[in-house]
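# Structure at a glance
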Amino acid sequence: GENVEQHPSTLSVQEGDSAVIKCTYSDSASNYFPWYKQELGKRPQLIIDIRSNVGEKKDQRIAVTLNKTAKHFSLHITETQPEDSAVYFCAARSSGGGADGLTFGKGTHLIIQP
Amino acid sequence: GAVVSQHPSRVICKSGTSVKIECRSLDFQATTMFWYRQFPKQSLMLMATSNEGSKATYEQGVEKDKFLINHASLTLSTLTVTSAHPEDSSFYICSASLAARNTGELFFGEGSRLTVL
């Protein structure tokens, strides 16, 4: 099955600086890569996703890049703000559509220092 | 977006009792729902895939007789933790995808925090 590795486990950055979280996956057939933000005790919220036919996607301060050859994808958050503090999970799925569940990374606790 | 609702949000039970958690898709039909478990400060681990009208598919290491899943309609899936023990205490989250849109995006319920005494 799919295996997703995520680094770092904890990331502390100064407010206004950029944050980068990296993930690798094992299944070359994976074609959908979402990123979720989870605040303590709450449900994960999708913040951005990318499919294997795209190399980069951006939404305001958030961007995701995908390198299919190397089987890794990254989340970039620019101009970080205190409300960005949360746990971020990357995930991957190896089949199309919604028939299969996602495999999640272990999560990154992002701390924005004021 | 699509809305997935989960109930109860918190439940405390005695060891040996059974607990049922409901997951509903409020504004869309979900042929497939997924149940995840999340221990404190850990990731979401897929437990099983719930398919409407058929048996659930369980991940390796998940006891199907302990975690009973029923997906009786296109908007409701239930997870029953049978004979619960303290080690079953966890955050259980369901999710569903919009079959009609087939984008692969998962929508999560609010989660249910189970504490077994």
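Residues numbered from 1 in each chain as written. Chains lettered and ligands numbered in written order. Predicted model: local features only at pLDDT ≥ 70, side-chain atom pairs only at ≥ 80, totals over all residues. Heavy atoms only, no water.

## Thoughts on the nonpolar core
The biggest cluster of nonpolar side chains holds 27 residues, and the ones touching the most others in it are Val4(B), Phe28(B), Trp35(B), Phe67(B), Leu79(B), Tyr92(B) and Leu114(B). Breaking this core down by element, the ones donating at least two residues are β2 (10–13), β3 (19–25), β4 (32–38), β5 (44–51), β7 (67–73), β8 (76–81), β9 (90–97) and β11 (112–116) of chain B. Counting residues in hydrophobic clusters, the runner-up holds 23 residues, among them Ala19(A), Tyr25(A), Ile62(A) and Leu75(A). (Core = buried A, V, L, I, M, F, W, Y, C linked by side-chain atoms within 4.5 Å. Buried < 20%, exposed > 50% of the residue type's maximum accessible area, 1.4 Å probe, protein only. Helix = DSSP H or I, 4+ residues; strand = E, 2+ residues; numbered from the N terminus.)

## Describing the state of the cysteines
Across all of its chains, the model carries two disulfides over all chains by this definition. The side chain of Cys23(A) participates in a disulfide bridge whose partner is Cys90(A); the two sulfur atoms lie 1.9 Å from each other. Judged by the sign of its S-S torsion, about -100°, the cystine formed by Cys23(A) and Cys90(A) is left-handed. With a gap of 67 residues between them, Cys23(A) in strand β3 (residues 19–25) and Cys90(A) in strand β9 (residues 86–92) connect regions that are remote in the sequence. With respect to class, Cys23(A) is no different from Cys90(A); both count as buried. Here Cys23(B) is linked by a disulfide to Cys94(B), with a sulfur-sulfur distance of 2.0 Å. (Disulfide = S-S within 2.5 Å.)

## A short note on the side chain of Lys66(B)
Residue and element names in this part refer to chain B. Position of Lys66 relative to the elements: it lies in the loop between β6 (57–58) and β7. Its relative accessible area of 12% is what places Lys66 among the buried residues. Setting aside residues no more than four positions away along its own chain, Lys66 makes contact with Thr80, Val81, Thr82, Ser83, Ala84, His85 and Asp88. (Contact = heavy atoms within 4.5 Å.)

## Focus on unusual backbone geometry
Residue Pro8(A) is bonded to the preceding His7(A) through a cis peptide linkage, with omega at -5°. Assignment of secondary structure puts Pro8(A) in the loop between β1 (4–7) and β2 (10–14). Cis peptide bonds are those with omega within 30 degrees of zero, and the linkage from His7(B) to Pro8(B) qualifies with 0°. For Pro8(B), the location among the structural elements is in the loop between β1 (4–7) and β2.

## Description of the confidence of the model for chain B
Parts of the prediction with low pLDDT should not have their coordinates interpreted in detail. A residue-level look at chain B finds 94% of positions with pLDDT of 70 or above and a mean pLDDT of 90. At the low end of the mean pLDDT range in chain B sits strand β10 (residues 106–108) of chain B, at 88; at the high end sits β11(B), at 97. (pLDDT = per-residue confidence, 0-100.)

## Some thoughts on the packing of aromatic side chains
As enumerated under the stated definition, the model contains 12 aromatic pairs over all chains in all. Considering the side-chain rings of Tyr25(A) and Phe73(A), the 6.1 Å spacing of their centres and the 55° angle between planes classify their relative orientation as tilted. Within this pair, whereas Tyr25(A) is found in strand β3, its partner Phe73(A) is found in strand β8 (residues 72–77), the two being separated by 48 residues in sequence. Taken as a pair, Tyr25(A) and Phe73(A) share a single burial class, namely buried. Consider the rings of Tyr36(B) and Phe108(B), whose centres lie 5.9 Å apart with planes at 50°: the pair is tilted. Remark: Phe108(B) occurs in strand β10 and Tyr36(B) occurs in strand β4; sequence separation between them is 72 residues. The burial state of Tyr36(B) is the same as that of Phe108(B); both residues are buried. One aromatic cluster in this structure is built from Tyr36(A), Phe89(A), Phe104(A), Tyr36(B) and Phe108(B). (Phe/Tyr/Trp six-rings, centres within 6.5 Å; stacked < 30°, edge-to-face > 60°.)

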